[in-house]
Amino acid sequence: MSGYFTDIITGLKSLAVGLQITNKEFLTKPITLQYPHEAVKMTPRYRGHIELIKDPETGMNKCISCGMCEKGCPSGCITVKSEKRPGVKGKVLTAYILNFTTCSLCGQCVENCKPGAIGFSNEYNLASTRREDYIFDLLRKLHPEGIPEPEVDPELLKKELEKQEAAKQAAAAKKEPAKKAPAAEGGELKAEEKS
Amino acid sequence: MSSLAQSHLRETFELNIGPQHPATHGVLRIKVVMDGEYIDRAEPILGYIHRMHEKMGENRTWNQFWPNMGRLDYLSAIAYNHCYAGLVERAMEIVVPERAEYIRVITAELNRIQSHLLGFGAYIMDLGGFTPLMYAMDEREQILDLLESVTGSRLTYCYFRFGGVYNDIDDDFITGTRAFIKRFRPQIPIYHKLVTGNVILMDRLIGVGPVSAEMCRKYGATGPVLRGSGVNYDIRRNEPYSVYPELDFDIPVYKECDSMARYMVRMDEMVQSCRIIEQALDKLPEGPVMAEKVPKALKPPKGDFHFAVEAARGTFSMRTVSDGTNTSYRMRLRSPTYSNVSLFEEASRGMLLSDALAFLGSLDPVIPEMDR
């Protein structure tokens, strides 16, 4: 019988001790933030989705379209589209598409990027109900006002044109001695036209 | 005893706990054959969140498999990072700089505290007490902020690399970690006062869910489950890796074999983790955090490699068979929760349903890790 009462007493005591702590905590300042009105400051190393980095000198991206990010990506969520433009050194990036629905934010692309053209953004407010909202064109994101045209180097353009011309001539010179038949055919066609 | 259990009719019925049930911590389904309030047979049914991680390991290159390591056990992801890094480093014979090893230990132990804190809070919530979860979350938030400042993510870490770590830690992190430990140490006695000494909790945990050391051996249970059964087994001591041999810490072992023992092991481990972190911070050497000459396209030599770490829930080990190409021939992941939960069937026989849920919580399962 005495055990019964001691149980009750120790039990009540343990509850009182617990309540003491909660009461103490009740009087302290809350640590929660009222989110939409105040937000947690993001750390600089926060790894959001990737973004293209603007080169402060040229105001363009540093991407050389080597495709290493595409290759290194475990989920294949990056598509790099580029083209060759006359008078511009290297390839020109035309679109950098990130499918964020499959991205796992591992950072392999950033590590693989030799020129350091991509980095992590601090963006985290990405809630949406539409899937299409998560397919980002990072180039468009970098230049929201419109993608600037790359500067054409006149010297390079001249050189390229000369090279092309030279290549054409070389091809023509190669063709003439080797193949006479196509030239003859051409001649026939011309003759037909005349008649 | 219920009247049904006492009757000779033995009328049983089937009850499904889960796959969507808060007490199962995820999509675990337990098919229970009930005899009144008592469990006749309980069968955990897995596979609701199976993602073929092992197969992914065989199809992806070694570097591409990294993000998967954060998605097995999302509560102690850094330990899993550690295992994968150790495995490939063992295969490639990469020597990791000492500073990187210390950073690995510091982050892994912070992650362990975080995992146990959430395990503690969620466990008490399973038992019906909501307040401790909020207390645990408060401290856990500090750890997440610290880890976010170095790893860049809050939950699914992908921080380690072959030959080191992704980012070096800075002075802010070191002072922040020291401040956290100073703040966290006095919190543990408060948890004990608030929760462990509580008469209701003691009644619900002491003597509930007995798991003998013999049963642990039979099912391969590890971690706090094994140490709560009186077996002093911890990979950090028994099969030391990284810089753990240089650090002084104890392995908490309880001989009671009940849910309370497992709960206490976790609480004590948090204190030990604090000790480890403090020592590692004191000993932290200067130097690089990445090994030199780690090739981008890894091709480990042909062979069979194995590495094990002590994750928050027990021994996590990886075994790979490499055929010398840029992908693994076979990737095997041995996760602790799978073994820990498999003893549920035998141990829960004849238990009250409410006790069984208290027992399941004390195993601290993380379902995505169990299913892999």
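Residues numbered from 1 in each chain as written. Chains lettered and ligands numbered in written order. Predicted model: local features only at pLDDT ≥ 70, side-chain atom pairs only at ≥ 80, totals over all residues. Heavy atoms only, no water.

Right, let's get into the overall build of chain B. Helix and strand counts for chain B stand at 17 helices and eight strands. At 21 Å, chain B has a C-alpha radius of gyration in line with the 21 Å of a compact globule built from 372 residues. Each of the 372 residues in chain B was classed as buried or not, and the buried ones make up 61%. Taking the intrachain contacts of chain B between residues at least 6 apart in sequence as the baseline, contacts between residues at least 24 apart amount to 71%. (Helix = DSSP H or I, 4+ residues; strand = E, 2+ residues; numbered from the N terminus. Rg over C-alpha atoms; globule rule 2.2 N^0.38 Å. Buried < 20%, exposed > 50% of the residue type's maximum accessible area, 1.4 Å probe, protein only. Contact = heavy atoms within 4.5 Å.)

We now examine the side chain of Asp234(B). Residues and elements named next belong to chain B. Here Asp234 lies in the loop between helix 11 (224-227) and helix 12 (235-238). A distance of 3.3 Å separates a polar atom in the side chain of Asp234 from a polar atom in the side chain of Arg227. Those residues in contact with Asp234 that lie beyond four places of it in its chain are Arg227, Glu239, Ile251 and Glu310. (Polar contact = N/O pair within 3.5 Å; in protein donor to acceptor, adjacent residues only side chain to side chain.)

What the largest pocket holds in volume is close to 1,300 Å³. The wall of the largest pocket is formed by 37 residues, among which Ile31(A), Thr32(A), Met134(B), Met137(B) and Asp138(B) lie closest to the centre. When contributions to the lining of the largest pocket are tallied by element, the ones reaching two or more residues are helix 1 (2-26) of chain A together with helix 6 (131-151) and helix 8 (187-196) of chain B. Counting residues per element, the lining of the largest pocket draws most heavily on helix 6 of chain B, which supplies 10 residues. (1 Å grid on protein atoms, 1.4 Å probe; cavity = no way out; pocket = protein on both sides within 12 Å on 5 of 7 lines; lining within 4 Å. Points joined across faces, edges and corners; volume = space filled by probe spheres on them.)

Attention now goes to the interface of chain A and chain B. Listed per partner, the contact involves 25 residues of chain A and 28 residues of chain B. Between chain A and chain B the total buried area reaches about 2,300 Å² when both faces are included, carbon and sulfur atoms providing 53% of it. In this structure, the connection of chain A to chain B is made through one salt bridge. Here Arg161(B) makes a salt bridge to Glu111(A), at a shortest N to O gap of 2.6 Å. Listing elements by their share of the side of chain A that touches chain B, those giving two or more residues are helix 1, helix 2 (68-72) and helix 3 (108-112) of chain A. Looking at the side of chain A that touches chain B, the element that brings in the most residues is helix 1 of chain A, giving eight residues. (Buried area = accessible area lost by both parts, 1.4 Å probe. Salt bridge = Lys/Arg side-chain N within 4 Å of Asp/Glu carboxyl O.)

Residue and element names in this part refer to chain B. Relative to each other, helix 5 (residues 98-126) and helix 7 (residues 171-184) sit at 35°, their axes nearing to 13 Å. For the pair helix 5 and helix 7, the crossing hand works out as left-handed. Contacts between helix 5 and helix 7 pair Ile106, Thr107, Leu110, Ile113 and Leu117 from the former with Phe173, Thr177, Phe180 and Phe184 from the latter. Grouping the constituent residues of the contact of helix 5 with helix 7 by class yields seven nonpolar, two polar and no charged. (Axes fitted to C-alpha atoms, helices over the stretch in contact; angles between N-to-C directions. Left-handed = near helix turned anticlockwise from the far one by under 90°. Nonpolar A, V, L, I, M, F, W, Y, C, P; charged D, E, K, R; others polar.)

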